[in-house]
Amino acid sequence: MANLKSLFKDTAIYGLSSIVGRFLNYLMVPLYTYTLKSCADYGIYNDIYAQTALLMVILTFGMETTFFRFMNKEEGDKMRVYSTALIMVGSVCLTFAAMVLLFINPIASILDYSNHKWYVGMMFITVAQDAFQAIPFAYLRYKHQPFKFAGLKLLFIFLSVTLNIVAYWLMPKIDPQWEIHIGYAFVINLACTTFISFCLISELVGFRWRFDKEKCKAMLRYSWPLLVLGIAGILNQVAGQILLPRILEPENGRYQLGIYGACIKIAMIMALITQAFRFAYEPIVFGSAKDKNSKELYAKSMKFFIIFTLLAFLCVMGYIEIFKYLVGEKFREGLGIVPIVMMAEIMMGIYFNLSFWYKLIDKTIYGAWFSLAGCAVLFAVNIIFIPKIGYWACAWGGVAGYGTAMILSYIVGQRKNPIPYPMKDIVIYFIAAMALFGIMKWGERNLPYWASFILNNVLILGFIGRIIKADMPLSSLPVIGKKFKKK
């Protein structure tokens, strides 16, 4: 129960930083979609960011999870593990950055950005820094320093949002000749990431940097399947965005990608919850692997994760008429994909929670196979259906890909390392959430807006009431739990 309390506490802190950060970051969506001249301009932004997301996985090559595993296995000098991980990731990132600067012209040409080569260059240098920062940030999580972790993440967001507001909103008002283009976003991201790199210097000094060859070999043996898993996993998220402007005619593809990229931002509340849960969950899971009640913790955590992601799904869909104003009017034709993308994100989160059975027995190769299977399904859906239904294929491809990986991981996991997940309760909650969503859609089509809004509030409150009455361990929550214990 102590671990469960720690999970709630750390998730609350990481979640708060993620929620505040994402909320501020959401300001970028209306800022870009209301000020940029065309959907295609925003499509360029999403295309390059999708490519850097893939690069981030490659440059960290599974070393975050590997770091936690080996820090908890190490009986002697734990800083040897940390310094070895820093040197491994740092060497890869430094080499990558140098290659980008040397070969920027051919790289930009291959990616169809010959006219915007420094968009690509700036983002690739930015992602090299982000990848290196992943290890010091993981070290903060290992030391259970969520406040510093969250503070630096929020500082980055604050700086980025402020500079973007200046570039896209304030300067055009000051100077009518100010030309708005998407390039400012890449400059600002590079500047803010570089600043955070300096803020992490304290995590890079005060110990002896040592490279342990044997430790390196062991860590690479553990991490290479995670790299394959990570590549397949991120492709499940961004493959559609990368393929869309390349399967369709470029201008039409970037136009559709702009719409798709704007609307999926509304659905990213799921990614927010999953990320916050992961930041808190990984150190606790690896740290409690030897506890006799660890499987009970995993089962309960899965249940609560699903409950709260379903609640988030209902909240977003219940207030979609408000959330739609996050994007400019010309982008709103794509709002229909929001529930589909959110469901894909729920499946991705479940798959992440399921993944610990093979990580804890050092059989990460299973994750690689599951993710590759999901990725193959996603690519097939996108390649077959993008020419027919455009960005809708990207949304459904995510459901198909994550659904495949999730089902395979559950089936094999229950044979190899069974965990007593409360499947009956999970299924009941899922059916209830889908039924409430169906009622919401009926009200949207058949009732006046005010009546539909009241109905949605009643349905959401009913779902929350069910959680509190039947499943929410209020006594386990920090601060609140103390009051319930007194009673």
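Cut-offs applied
Starting afresh in each chain, residues are numbered from 1 along the sequence in its written order. Only residues with pLDDT of at least 70 get local features here, since the model is predicted, and only at 80 or more are side-chain atom pairs given and counted; chain-wide, interface and lining totals rely on the full set of residues. To get the side-chain values, take all heavy atoms of the structure and skip hydrogens and water. Secondary structure elements are defined from DSSP: runs of H or I of at least 4 residues count as helices, runs of E of at least 2 residues count as strands, and each element is numbered from the N terminus. Relative accessible area decides the class of each residue, using a 1.4 Å probe on protein chains only: under 20% of the type maximum gives buried, over 50% gives exposed, and in between gives partly exposed. Two residues qualify as a contact provided that any one of their heavy atoms is within 4.5 Å of a heavy atom in the partner residue. All accessibility values rest on the Shrake-Rupley procedure with a 1.4 Å probe; residue burial counts only the protein chains present in the view. Here, patches come from residues exposed beyond 30% relative accessible area and free of salt bridges, joined within 9 Å for like charges and within 5 Å for nonpolar side chains (Val, Leu, Ile, Met, Phe, Trp, Tyr). Within this document, salt bridges are pairs made up of a side-chain nitrogen of Lys or Arg and a carboxyl oxygen of Asp or Glu, the two lying within 4 Å of each other. Between the rings of Phe, Tyr and Trp (Trp by its six-membered ring), a pair exists once the centres lie within 6.5 Å; its type follows the angle of the planes, with under 30 degrees stacked, over 60 edge-to-face, and the other angles tilted. You can read pLDDT as the predictor saying how much it trusts each residue, on a scale of 0 to 100. Cavity and pocket criteria rest on a 1 Å grid covering protein atoms alone: a 1.4 Å probe that fits but cannot get out defines a cavity, protein on both sides within 12 Å along at least 5 of 7 lines defines an open pocket, and an atom within 4 Å of a point defines a lining residue. Grid points are joined across faces, edges and corners, and a volume is the space filled by probe spheres set on the points. The residue classification treats Ala, Val, Leu, Ile, Met, Phe, Trp, Tyr, Cys and Pro as nonpolar and Asp, Glu, Lys and Arg as charged. All others, Gly included, are polar.

## Some remarks on the overall build of the protein chain
Helices and strands together make up the secondary structure of the protein chain, namely 21 helices and 0 strands. Looking at the 487 residues of the protein chain, the share that counts as buried comes to 55%. Sequence-distant contacts in the protein chain: of pairs separated by 6 or more residues, those separated by 24 or more amount to 83%. Surface summary for the protein chain: the accessible area is close to 21600 Å², and the carbon and sulfur share equals 68%.

## Thoughts on unusual backbone geometry
Keep in mind that most residues, glycine aside, have a negative phi and that most peptide bonds are trans. Positive phi, close to 35°, is recorded for F61, a residue that is not glycine. Here F61 is to be found in the loop between α3 (39-60) and α4 (63-73). One non-glycine residue with positive phi stands out, namely D112, at about 65°. One can find D112 in the loop between α6 (104-110) and α7 (117-142).

## With respect to a nonpolar patch on the surface
Among the surface-exposed residues, L27, I165, V166, W169, L170 and I174 lie close enough to one another that they form a single nonpolar patch of about 490 Å² accessible area. Position of I174 relative to the elements: it lies in helix α8 (residues 146-174).

## Here's the deal with the packing of aromatic side chains
Inspection of every chain in the model, using the stated rule, returns 28 aromatic pairs. An angle of 15° between the planes, with centres 4.1 Å apart, marks the rings of Y82 and Y139 as stacked. Taken together, the residues Y82 in helix α5 (residues 78-102) and Y139 in helix α7 connect sequence positions 57 residues apart. Consider the rings of F96 and F124, whose centres lie 6.0 Å apart with planes at 40°: the pair is tilted. Remark: F124 occurs in helix α7 and F96 occurs in helix α5; sequence separation between them is 28 residues.

## Some points on the environment of G349
With respect to the element layout, G349 can be found in helix α15 (residues 338-354). As a C-alpha pair, G349 and I306 span 43 residues in sequence and 8.4 Å in three-dimensional space.

## Some points on the confidence of the model for the protein chain
Across the protein chain, the average pLDDT comes to 83, with 85% of residues at 70 or higher. Taken element by element, the predicted model of the protein chain shows its lowest mean pLDDT in helix α21 (residues 480-486) (49) and its highest in helix α9 (residues 183-199) (93).

## Considerations on empty space enclosed by the protein
Going through the model one piece at a time under the given rule, you end up with 2 cavities of 30 Å³ or more. Estimates place the volume of the second largest cavity at around 40 Å³. L354, W357, S409, Y410, G413, Q414, N417, I419 and Y421 are the residues that line the second largest cavity. With 4 residues, the top contributor of residues to the lining of the second largest cavity is helix α18 (residues 391-416). Here the residues of the lining of the second largest cavity sort into 5 nonpolar, 4 polar and no charged.

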